[in-house]
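Results of the structural survey
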Amino acid sequence: MVIGVLGLGPIGESVCEMLGSKSGIRVKYVCCPERPVRFPATVTRELRDLTEDPEVDTVLELSAEIHPALEQVQQCLLAGKHVVTCNKPLLAFHWNELMALAARQGVCLRYGGAAAGGLAWIPAIERCKRADTIHEISGIMNGTTNYILDAMHLAHASFQTALNRSQDFGYAEIDTASDVDGLDSLHRLILSANTAFDVSIPPEEVLVRGIRCIQRRDVETFLAHGFCCRLIASAEHYAERLAAVVEPTLVELKDHEAAVHSNFNLLTMVSRQAGKQSFFGQGAGRYPTAYNVVQDLLDVAAGRAEPPGPPRIETHVDNRTFVRKYYIRTAVSEPWLWSRTEERWETGVITCRLSAQEVHAWAAEARGRDPELFFAALR
Ligand SMILES: NC(=O)c1ccc[n+]([C@@H]2O[C@H](COP(=O)([O-])OP(=O)(O)OC[C@H]3O[C@@H](n4cnc5c(N)ncnc54)[C@H](OP(=O)(O)O)[C@@H]3O)[C@@H](O)[C@H]2O)c1
C-alpha cells in the first residue's frame with residue numbers, strides 16, 4: 001500500500017511513526033507544508049500530486065477543519081483512492097454525501113480513529129450488526145469532560161480549576177468549547193449511531209448540552225444522594241423511532257460510568273440478541289487514535305475493509321419519547337418548574353419524568369433569565 005497524508009499534526013506524525021518500516025505501508029506524499037517531515041516522503045502543496053499518482057491507493061486525511069477537507073476528500077474519492085480519516089466534524093456533517101460517493105466509486109472510507117481513539121469500538125459495532133440488531137449506543141465519549149467532572153467529584157476542584165488542569169495535561173484544547181459544550185461528544189455519537197443503526201442523523205436535530213455551568217455545590221449534592229455526574233451521549237433506535245441526546249447525566253455511584261476516572265471513555269451498545277457490551281479505554285490522544293488509524297489502513301491494505309453500502313435515508317431525530325427525571329438548579333422560580341417538581345435537593349429540584357425535548361427547550365429559553373442554570377438527567 002502506498003499512501004498520501006493530508007495534515008501532519010500529532011496524529012499524522014504518530015501514524016507515520018507507528019507504520020515504520022514493518023507494515024508494508026509506504027508514505028509517499030505529505031500534503032501539509034507547515035511542519036518538518038522527519039521521514040522520507042515527498043512534501044507537496046498540491047493535492048493532485050496524490051490524486052494523479054496511480055501508485056497512491058489510499059489517502060490519510062488528518063486535518064481538523066471541515067473545509068477544505070471536504071473538497072479534498074471528495075477529490076480523492078473521485079480519483080478512486082481509499083480514504084482513512086479522523087476528521088469527526090467532516091463525517092458528522094457530511095456523512096451521506098461522502099459515504100454515497102465512496103460507495104459509487106467502490107472505495108473504502110474508514111474512520112475508526114475518529115469515533116473512539118484507542119478503543120476497538122467502530123469495528124465492534126460493525127461486527128455486531130452483521131449478526132444482530134443494535135438498538136442503543138451510549139457512553140462517556142469525551143475524555144476531557146470526564147477528566148473535569150472526575151476532578152470535581154474526587155478532588156473537589158471547581159470547574160475552572162479542573163478545566164485549567166485538563167489544559168495543563170494537554171487534554172483540553174485552547175478553545176474549550178468543542179469539549180465542554182458537548183460538540184465533540186455530538187460528533188462521536190453521530191459517527192457511532194450512523195454506523196450502528198444504518199442511518200444518517202442530521203447533527204442539528206440532536207439535543208446537546210455540555211457541562212459548562214456545573215458548580216461544585218451541584219457535585220456535593222449529587223454525592224450526598226449517591227450519584228455522580230457524567231457527560232453521556234446516547235442514541236436509541238427502536239422500530240422507526242430515533243432519539244439522540246448529549247447531556248450531563250447523574251449515574252448511581254455503583255454504576256460502571258461512575259468508575260470511569262480521569263480522561264477515560266466507556267462506550268456501550270445494546271443489541272437484541274447479545275445484550276449489553278461495553279468498551280473501556282482511551283478515547284483520544286495521539287497514540288491511541290493513531291492505533292485505530294493504523295488498524296484501518298491495515299484492513300484496507302489487506303482487503304478486509306469494504307466500500308460503504310448504499311446511501312441511507314436521512315433519519316429525523318425525535319426526542320419526545322426519550323424520558324428521564326431531571327435535576328435542575330436555577331435561580332428562576334416559575335410555574336413550569338413548580339408544576340413538574342417532585343423532590344427538592346439541597347441545591348436544586350428533581351422533576352417528574354420529562355422528555356429530553358421538553359427540558360432542553362425550556363432550559364434554552366430559561367437560560368435567558370438565568371445564565372447559570374444547570375440541569376442533568378437522572379438515569
Ligand atoms: N488528537 C486526538 O486525540 C484526536 C482524536 C480523535 C480524532 N482526532 C482528529 O484527528 C485529526 C488530526 O488531529 P491532530 O490532533 O493531529 O490535529 P491538528 O493538531 O489540528 O493537526 C492537523 C494538521 O492538519 C494540517 N492541515 C490543516 N488543514 C490542512 C489542509 N487543508 N491540507 C493539509 N493539511 C492541513 C494542519 O496544518 P497546520 O499545522 O499548518 O495547521 C495540521 O498539521 C483532527 O481531525 C482531529 O479532530 C484527534
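Quick caveat, the model's predicted, so the values are computed rather than measured. (Residues numbered from 1 in each chain as written. Predicted model: local features only at pLDDT ≥ 70, side-chain atom pairs only at ≥ 80, totals over all residues. Heavy atoms only, no water.)

Comments concerning the overall build of the protein
Looking only at helices and strands, the protein features 14 helices and 17 strands. Relative to the compact-globule value of 21 Å for 379 residues, the protein shows a C-alpha radius of gyration of 22 Å, a close match. By principal-axis analysis of the C-alpha atoms, the protein measures approximately 65 × 45 × 35 Å. Pairs at least 24 residues apart make up 72% of the contacts formed inside the protein by residues separated by at least 6 positions. Counting only carbon and sulfur atoms, one obtains 51% of the accessible surface of the protein, whose full area is about 16100 Å². Positive and negative side-chain charges in the protein, numbering 38 and 47 respectively, have mean positions lying 3 Å apart. (Helix = DSSP H or I, 4+ residues; strand = E, 2+ residues; numbered from the N terminus. Rg over C-alpha atoms; globule rule 2.2 N^0.38 Å. Contact = heavy atoms within 4.5 Å. Areas by Shrake-Rupley, 256 points an atom, 1.4 Å probe, with all protein chains shown as cover. Lys, Arg positive; Asp, Glu negative; His and termini not counted. Charge placed at Lys NZ, Arg CZ, Asp CG, Glu CD.)

Examining the site of the ligand
In the vicinity of the ligand there are 21 residues, among which I11, C31, E34, S63 and G285 approach most closely. Taking I11, its main chain carries an N or O atom lying 3.0 Å from an oxygen atom of the ligand. Here G285 contributes a backbone N or O atom positioned 2.7 Å from an oxygen atom of the ligand. Protein contact buries 73% of the 900 Å² of open area that the ligand shows by itself. When atoms are counted within 2 Å of each cavity's grid points, the one that captures over half of the ligand is the largest pocket. Split by residue class, the shell around the ligand holds ten nonpolar, eight polar and three charged. (Near = heavy atom within 4 Å. Polar contact = N/O pair within 3.5 Å; in protein donor to acceptor, adjacent residues only side chain to side chain. 1 Å grid on protein atoms, 1.4 Å probe; cavity = no way out; pocket = protein on both sides within 12 Å on 5 of 7 lines; lining within 4 Å. Sits in = over half its atoms within 2 Å of the grid points. Nonpolar A, V, L, I, M, F, W, Y, C, P; charged D, E, K, R; others polar.)

Quick look at the pattern of salt bridges
Two side chains carrying opposite charge are able to pair once their charged atoms lie near each other. Under the definition given, this model contains 25 salt bridges. The partner of R230 in a salt bridge is D150, and the shortest N-O contact between them spans 3.4 Å. Of the two residues, R230 sits in strand β9 (residues 227-238) while D150 sits in helix α7 (residues 143-154), which places them 80 residues apart along the sequence. R329 is paired through a salt bridge with D218; the nearest N and O atoms lie 2.7 Å apart. Placement of the pair is R329 in strand β13 (residues 323-329) and D218 in helix α11 (residues 216-224), with a sequence separation of 111 residues. Each member of the pair, R329 together with D218, is buried. Sharing partners across several salt bridges, the network here consists of E252, K254, D255, E257 and R379. (Salt bridge = Lys/Arg side-chain N within 4 Å of Asp/Glu carboxyl O. Buried < 20%, exposed > 50% of the residue type's maximum accessible area, 1.4 Å probe, protein only.)

Description of unusual backbone geometry
That bond from H67 to P68 is cis: its omega, 5°, falls within 30 degrees of zero. Mapped onto the elements, P68 comes out in the loop between β4 (58-61) and α3 (69-78). Positive phi values are uncommon outside glycine, yet H156 reaches one of about 55°.

Some words on the sheet that holds strand β5 (residues 82-85)
Strand order in this open sheet of six strands is β3-β2-β1-β4-β5-β6, and the pairing throughout is parallel. Single-partner strands in this sheet number two, and they are β3 (42-43) and β6 (109-110). Sheet analysis places strand β1 (residues 2-6) next to β4, joined by four bridges and oriented parallel. Note that in β4 the partner of V5 across the bridge is L60. (Pairing = 2+ DSSP bridges.)

Topic: the nonpolar core
Core analysis: the biggest nonpolar cluster contains 81 residues, and W121, I137 and I214 have the highest contact counts within it. Looking at this core element by element, the count peaks at eight residues for helix α4 (residues 88-105). Residue-level mapping places this core at the junction of two domains, with at least three residues from each of domain 1 (2-116) and domain 2 (131-283 + 320-379). Not counting chain neighbours up to four residues away, the residues in contact with I137 comprise W121, I125, L189, S192, A196, F197, A233, S234, A235, T268 and M269. Judged by nonpolar contacts, the second largest core, of 22 residues, contains V15, I25, C108 and L297. (Core = buried A, V, L, I, M, F, W, Y, C linked by side-chain atoms within 4.5 Å. Domains from an automatic or database assignment.)

Brief notes about the packing of α3 against α4
Packing of α3 against α4 brings their axes to within 10 Å, and their N-to-C directions diverge by 15°. Our classification of the angle between α3 and α4 gives roughly parallel. Classified by chirality, the crossing of α4 by α3 is right-handed. Of the residues in α4, those touching α3 at A69, L70, V73, Q74, L77 and L78 are L90, H94, E97, L98, L101, A102 and Q105. By residue class, the composition of the contact of α3 with α4 is nine nonpolar, three polar and one charged. (Axes fitted to C-alpha atoms, helices over the stretch in contact; angles between N-to-C directions. Parallel < 35°, antiparallel > 145°, perpendicular 65-115°, else oblique. Left-handed = near helix turned anticlockwise from the far one by under 90°.)

A few points about the layout of surface pockets
As a volume, the largest pocket reaches approximately 1500 Å³. Taken together, 50 residues make up the lining of the largest pocket; nearest its centre are I11, S63, A64, K88 and E173. Where the lining of the largest pocket is concerned, the elements lending two or more residues are α1 (10-19), α3, α4, α5 (112-116), α7, α9 (177-180), α10 (183-197) and α12 (286-301). Tallied by class, residues from the lining of the largest pocket come to 19 nonpolar, 21 polar and ten charged. Residue assignment places the lining of the largest pocket across two domains, with domain 1 (2-116) and domain 2 (131-283 + 320-379) each supplying three or more. Lining the second largest pocket are 28 residues, with R110, I122, E126, R127 and E306 positioned closest to its centre. For the lining of the second largest pocket, the secondary-structure elements that each account for two or more residues are α4, β6, α6 (121-131) and α12. It is α6 that provides the largest number of residues to the lining of the second largest pocket, a total of six residues. Of the residues contributing to the lining of the second largest pocket, the split by class is twelve nonpolar, five polar and eleven charged. (Points joined across faces, edges and corners; volume = space filled by probe spheres on them.)

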